[in-house]
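So you can see what is in the structure, the chains are spelled out below.
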Number of protein chains: 2
Amino acid sequence: MKLDQVRKTSLERMFHPRSVAVVGVSTSGDGFGSGIVTALETIGFEGKIYAVNPKGGEFRGSKIYQNPDEIPEPIDFAIIAVPAGHVPAVLEECRLKGAAGVEILSSGFSELGTTQGIRLEREIKEICSRGIRVVGPNCFGIYCPKSGLTLLPGPELSRVSGTVGFLSQSGGMSVDFAHIGKWMGVGFSKVVSFGNGADLRETEMLAYFEEDAETRIIAMYIEGIQDGGAFFSALKQVAREKPVILYKGGLSEAGGRAVETHTASMGGSAAIWESALRQCGVIQVTDLWEMAETCLAFSMLPERAYENITVAGGGGALGVCACDTAAQYGFRIPVLDPGLSEAILEYLPQPGSSAKNPIDAANPFVEPRAYREILLNAAKDDRIDLQILVQLMYHYKSLASGMGGVSLKDIVPYREMAAIASEVASVTGKPLMLVLPNIMQGKESLDIEEILREARKAFLDAGIPVFSDIRSCLRSLAHVSRFHARKKNETKKS
Amino acid sequence: MKLDQVRKTSLERMFHPRSVAVVGVSTSGDGFGSGIVTALETIGFEGKIYAVNPKGGEFRGSKIYQNPDEIPEPIDFAIIAVPAGHVPAVLEECRLKGAAGVEILSSGFSELGTTQGIRLEREIKEICSRGIRVVGPNCFGIYCPKSGLTLLPGPELSRVSGTVGFLSQSGGMSVDFAHIGKWMGVGFSKVVSFGNGADLRETEMLAYFEEDAETRIIAMYIEGIQDGGAFFSALKQVAREKPVILYKGGLSEAGGRAVETHTASMGGSAAIWESALRQCGVIQVTDLWEMAETCLAFSMLPERAYENITVAGGGGALGVCACDTAAQYGFRIPVLDPGLSEAILEYLPQPGSSAKNPIDAANPFVEPRAYREILLNAAKDDRIDLQILVQLMYHYKSLASGMGGVSLKDIVPYREMAAIASEVASVTGKPLMLVLPNIMQGKESLDIEEILREARKAFLDAGIPVFSDIRSCLRSLAHVSRFHARKKNETKKS
């Protein structure tokens, strides 16, 4: 489906509104409406915010308008957080005021399964048909880092734009992923939590993301769809160009029952979904973590298929496990050219290490400048497409305590490692991925956690994606690799 | 295989030595030998420690003996950390001194694949045949919380004994798991890192763990085995009574190559291993995390099969995902008896929540006393075997910042929740599992991490196993459930 100009303009006004009305703000500051005003102010929303409540009054020193019509300038967008029964009237007021669209945070509609709830949702649809767009009801709304629109509750979300567009039927999932993205290194163009989806839904948003220049990667959490034919045909079309990563909830009997009460959707059969998604070239994931990690890999890795990799790190079993896992995901860890292995061996402690690939440093304290030589040499093997580095940083804790009160920050060379990783990737043209497991998660080891978070940030800033375990690293790489292999294949065919 | 009394006595003397010689301690404090003396002192080893080095001298105010023979009393056990070439001579000295056994931390033996390395390892075997037991070489040794023997490097390991016996061909894996167990709540009877396994190996240790009253659960990381027939027949025998959780490394071509250089082992075919382990009733896991989580579930859950469960938590998509994952692992989430659902609904916020099962509180701030009633009511449904509670605690961070500088510790009711979970499990006789995901892992959110760690500790102390995500919780439960279903079935048959 192609979006016409009217729809496009409406959506752009909703994502980047110059002025927003928040309907349902109380003078006391209680409730979702007041919460969203505070969140918008905290995150630094770029437009104007007008609070609305029929009772009037003031909220934090600003006037509360008694209805949208009273607002002295045009509004692009409204956020509605009033009890379900009042929603249709408020929506109609927003339409008359000329808003392009609204998000309805309130629940109490078709997800209840009651006559009243279903009737109210029908009224919403009727008003939409007269010319206003609705996100929701029963949702957490829109998050757009560029404009500063944020989810409920989302005052702490990042203002840094990224390339992932995320559409989520679940509000909880949208806010969870937005939070995870912030530290994991996944940036968003737009996040839309659409809840019951009375108006704006999966197929239209997919078409929007397809055309949206800010969105390079599309992620979706879907509980139920409205028009299967249209959706799958849109998926097939979009997934040819942009990766579509889809997490389908409600594929079990009990899960299907749960989506009914959650977003008034129908679950569907696991086998049918899997086969349909595969045929469309969509990347199906099975939980939020896999979705986030896959988006990270797509965001940061060069767009191509990968086949042969190296694994380097301190600890033989880590290398063994990496090899086994790599094989499961279809990667090869070839024995390096003997000359290169010999060169690498010079930088490894003896005995106990191995330089064949996996490269087992057999010691967690190998210095960054040694890793530089190791990785540069390994990349000289023409077959190698990508390198994975595994670092177990907790051993520095023993080292620090042995050195008598030395701070971990002084001895863990994560900044140097990040700089070297970035240099190696850039010099060799072969990307690097970092695996940073946290083995010590006790109450007494928050210092390690802090260092790991600093290290993650330093590597991300240096352009290196970071994963918490080998499996998630390789699984994400496999998704990227398969997508690009398929794309290349299709381009050849056509 | 049955262990004879001589072997048993030797092993007991090795795990609980009254006196230990550490050979390879330098006056400077450098090297593994000195490190292990420090580690033994730090962890509070219960016996006497004698340092040995042909050069003599003192280490931290204590005499270094020039050879084991000089030590003024008998020794039960020795820890050898000298260059490979000196190992056979030192081993012979320990044998003459009457030690029951030694651990050889040094590497430089058959794992190198050199004539010299292979010859040295053969010499070790020859000396063993004259009456001394060896753990290693190329290993991290023995960790026994009860006696205070610890791995290299292991000064921070727990002194609290538990029921898991872990045998690991990899030193890194042994020390990683020992650290993970400490905070995850997995306690160990003994951990043995056996490296190249010149003497003591998988089959004999399995027989030891079978008979060991302190070991209720057996975990193994295996890279290669010596006598397949004997090992699988022992596995089959032992797995009838005690759960055996096995992680086989080196099942891929590259992984098999890596185990050769790591512990001089042969990898083997994935399909053959899988089928053989399944036939033996062994629980095969595919990484260290799954192994640790499975051990946790076996340690803390009552010994039985589980079929019908409830899932309760704040957030609809969490419930949907839990249902889908539960179905994948063969569990049912039945719709609760309508009367009980009605009773539960009274304790849930409205609208947006659901009490059918999954129980969606639709709000992360439902109070502990409400959860008490919810869980007590849900357990009244006769079909329910076990309950899973999912808590997303990061939302309290927004709450705290909205309340102006309130500390998270003051408002997250984890202690009350832990007490209630324990009470509910005990009153109803239906165990509870807690899922505690960490969504906010940024540098600025260490306060959430701290609370989560406090909460984990509180729940573990209250007898409730804690998992970081729904998948690992259900996967672990599935392992426990299948083991006991099989055991019950076999008992019926016989």
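Residues numbered from 1 in each chain as written. Chains lettered and ligands numbered in written order. Predicted model: local features only at pLDDT ≥ 70, side-chain atom pairs only at ≥ 80, totals over all residues. Heavy atoms only, no water.

Some details on the overall build of chain A
- Along chain A, the regular secondary structure elements total 18 helices and 18 strands.
- For chain A, whose C-alpha radius of gyration is 26 Å, the value lies close to the compact-globule estimate of 23 Å for 494 residues.
- Along the three orthogonal principal directions, the C-alpha set of chain A runs to about 75 × 60 × 40 Å.
- For chain A, the residues scored as buried account for 62% of the 494 residues in total. (Helix = DSSP H or I, 4+ residues; strand = E, 2+ residues; numbered from the N terminus. Rg over C-alpha atoms; globule rule 2.2 N^0.38 Å. Buried < 20%, exposed > 50% of the residue type's maximum accessible area, 1.4 Å probe, protein only.)

Regarding the packing of helix α13 (residues 368-379) of chain B against helix α16 (residues 414-428) of chain B
All names here are of chain B.
- Relative orientation of the contacting elements α13 and α16 amounts to 20 degrees, with a least axis distance of 10 Å. Overall, the two elements α13 and α16 adopt an arrangement that is roughly parallel. Of the two possible hands of crossing, α13 and α16 adopt the one that is right-handed. For the pair α13 and α16, contact is made by Pro368, Arg369, Tyr371, Arg372, Leu375, Leu376 and Ala379 and by Glu416, Met417, Ile420, Glu423, Val424, Val427 and Thr428, respectively.
- For the contact of α13 with α16, the class distribution of residues is nine nonpolar, one polar and four charged. (Axes fitted to C-alpha atoms, helices over the stretch in contact; angles between N-to-C directions. Parallel < 35°, antiparallel > 145°, perpendicular 65-115°, else oblique. Left-handed = near helix turned anticlockwise from the far one by under 90°. Contact = heavy atoms within 4.5 Å. Nonpolar A, V, L, I, M, F, W, Y, C, P; charged D, E, K, R; others polar.)

Some words on the interface of chain A and chain B
- Each side of the interface is counted separately: chain A has 68 residues, and chain B has 68 residues.
- Taken together, the two surfaces of chain A and chain B that pack against each other cover about 5,400 Å², and 59% of this comes from carbon and sulfur.
- Among the residues chain A hides against chain B, the three largest losses belong to Gln441, Lys443 and Arg453 of chain A. Together they make up 13% of the total.
- One salt bridge in this structure joins Glu449 of chain A and Arg453 of chain B, with 2.8 Å as the shortest N-O distance.
- At the boundary of chain A with chain B, the tally comes to 28 residue pairs in polar contact (both at pLDDT 80 or more). (Buried area = accessible area lost by both parts, 1.4 Å probe. Salt bridge = Lys/Arg side-chain N within 4 Å of Asp/Glu carboxyl O. Polar contact = N/O pair within 3.5 Å; in protein donor to acceptor, adjacent residues only side chain to side chain.)

Quick look at helix α10 (residues 288-300) of chain A
All names here are of chain A.
- Taking 1.5 Å of rise per residue, 13 residues should cover 18 Å, and α10 covers 18 Å from first to last C-alpha, within 8% of that figure.
- If you check which residues of α10 are buried, you get Leu288, Glu290, Met291, Ala292, Glu293, Thr294, Cys295, Leu296, Ala297 and Phe298.
- Capping the start of α10, Asp287 holds a side-chain oxygen 3.1 Å from the backbone nitrogen of Trp289, two or three residues further along. (Expected span 1.5 Å × (residues − 1).)

Focus: the environment of Pro413 of chain B
Residue and element names in this part refer to chain B.
- With respect to the helices, strands and loops of the structure, Pro413 is situated in the loop between α15 (408-411) and α16.
- In this structure, the C-alpha to C-alpha distance between Pro413 and Val102, residues 311 residues apart in sequence, is 49 Å.
- When neighbours within four sequence positions are excluded, Pro413 is seen to be in contact with Pro368 and Tyr396.

Observations concerning the nonpolar core
- Phe177 and Ile388 of chain A together with Phe177 and Ile388 of chain B are the most contacted members of the largest nonpolar core, which has 211 residues in total.
- Tallying contributions element by element places helix α10 (residues 288-300) of chain B first for this core, with eight residues.
- If near-sequence neighbours (up to four positions away) are discounted, Ile388 of chain B is found in contact with Ile309, Thr310, Val311, Ala312, Met433, Val435, Cys473 and Leu474 of chain B. (Core = buried A, V, L, I, M, F, W, Y, C linked by side-chain atoms within 4.5 Å.)

Focus: the domain arrangement of chain A
All names here are of chain A.
- Examined at the domain level, chain A breaks down into domain 1 (5-297) and domain 2 (303-488).
- A C-alpha centroid distance of 38 Å is found between domain 1 and domain 2.
- On the side of domain 2, 14 residues touch domain 1, which itself brings 21 residues to the contact.
- Between domain 1 and domain 2 lies a buried interface of about 1,400 Å² when both sides are counted; carbon and sulfur atoms form 58% of it.
- Three residues stand out in domain 1 for area buried against domain 2, namely Glu293, Leu296 and Ala297, and they jointly supply 31% of the buried area on that side.
- Joining domain 1 to domain 2, the criterion identifies four salt bridges.
- For Glu241, the salt bridge goes to Lys487, with nearest N and O atoms at 3.9 Å. (Domains from an automatic or database assignment.)

Description of helix α2 (residues 31-43) of chain B
Residue and element names in this part refer to chain B.
- For α2, built from 13 residues, the straight-helix expectation of 18 Å at 1.5 Å per residue is met to within 8% by its first-to-last C-alpha distance of 18 Å.
- Of all the residues in α2, the buried ones are Gly33, Ser34, Ile36, Val37, Ala39, Leu40 and Ile43.
- Buried residues belonging to α2 abut β1 (19-23), β2 (48-52), β3 (58-59), β5 (77-80) and β8 (141-143).

Considering the pairing of strand β2 (residues 48-52) of chain A
All names here are of chain A.
- Pairing geometry for strand β1 (residues 19-23) and β2, over five bridges, is parallel. The residue bridging Val20 from the neighbouring strand is Ile49, located in β2.
- What joins β1 to β2 is helix α2 (residues 31-43), and the crossover it makes is right-handed.
- When β2 meets strand β4 (residues 62-65), the two strands line up parallel, connected through two bridges. Bridge assignment links Ala51 to a residue of β4, and that residue is Ile64. (Pairing = 2+ DSSP bridges. Right-handed = clockwise from strand over helix to strand, strands pointing away.)

So, the sheet that holds strand β17 (residues 432-435) of chain B
Residue and element names in this part refer to chain B.
- As summarised here, the arrangement of the five strands in space is β15-β14-β16-β17-β18, forming an open sheet in which the pairing is parallel. Among the strands making up the open sheet, the edge pair consists of β15 (359-360) and β18 (466-467).
- Inspection of the sheet shows strand β14 (residues 309-313) paired to β15 by two bridges, in the parallel sense. Across the sheet, the residue bridging to Ala312 is Ile359, located in β15.

As for the confidence of the model for chain A
- Here chain A averages 93 in pLDDT, and 99% of its residues register 70 or above.
- Prediction confidence for the complex, expressed as pTM and ipTM, is 0.94 and 0.92 respectively. (pLDDT = per-residue confidence, 0-100.)

Considering the relation of the copies chain A and chain B
- Once turned by 180 degrees and shifted 0.0 Å along the axis, chain A lies on chain B with an RMSD of 0.0 Å. In short, the pair behaves as if placed about a two-fold rotation axis. Residue Leu446 of chain A, judged by its C-alpha, is the member of chain A lying nearest the rotation axis, at 3.9 Å.
- The share of interface residues of chain A whose copies in chain B are also at the interface is 100%, consistent with both copies meeting through the same surface. (Least-squares fit on C-alpha atoms with pLDDT ≥ 70 in both.)

Some words on the environment of Ser107 of chain A
- Among the structural elements, Ser107 of chain A can be located in the loop between β6 (101-104) and α4 (115-129).
- Exposure remark for Ser107 of chain A: the relative accessible area of 18% places this residue in the buried category.
- Ser107 of chain A sits 14 residues away from Glu93 of chain A along the chain, and the two C-alpha atoms are 19 Å apart.
- Those residues in contact with Ser107 of chain A that sit more than four places away from it in its chain are Ala84 and Asn138 of chain A together with Pro351 and Gly352 of chain B.

Side note on the packing of aromatic side chains
All names here are of chain A.
- Under the counting rule described, the total for this entry stands at 24 aromatic pairs over all chains.
- Ring geometry for Phe177 and Phe188: centres 4.9 Å apart, planes at 90 degrees, overall edge-to-face. Taken together, the residues span a long stretch of sequence, with Phe177 in helix α5 (residues 171-184) and Phe188 in strand β10 (residues 188-193) at a distance of eleven residues. Of the two residues, Phe177 and Phe188, both sit in the buried class.
- With a centroid separation of 5.6 Å and 80 degrees between ring planes, the pair formed by Phe298 and Phe483 is classed as edge-to-face. (Phe/Tyr/Trp six-rings, centres within 6.5 Å; stacked < 30°, edge-to-face > 60°.)

Here we look at the sheet that holds β6 of chain A
Residues and elements named next belong to chain A.
- Ordered in space as β3-β4-β2-β1-β5-β6-β7, the seven strands form an open sheet in which the pairing is mixed. Either end of the sheet is taken by a strand with one partner, and the two such strands are β3 (58-59) and β7 (133-135).
- Docked against the sheet, α2 engages β1, β2, β3 and β5 (77-80), running at close to 150 degrees with respect to β1.

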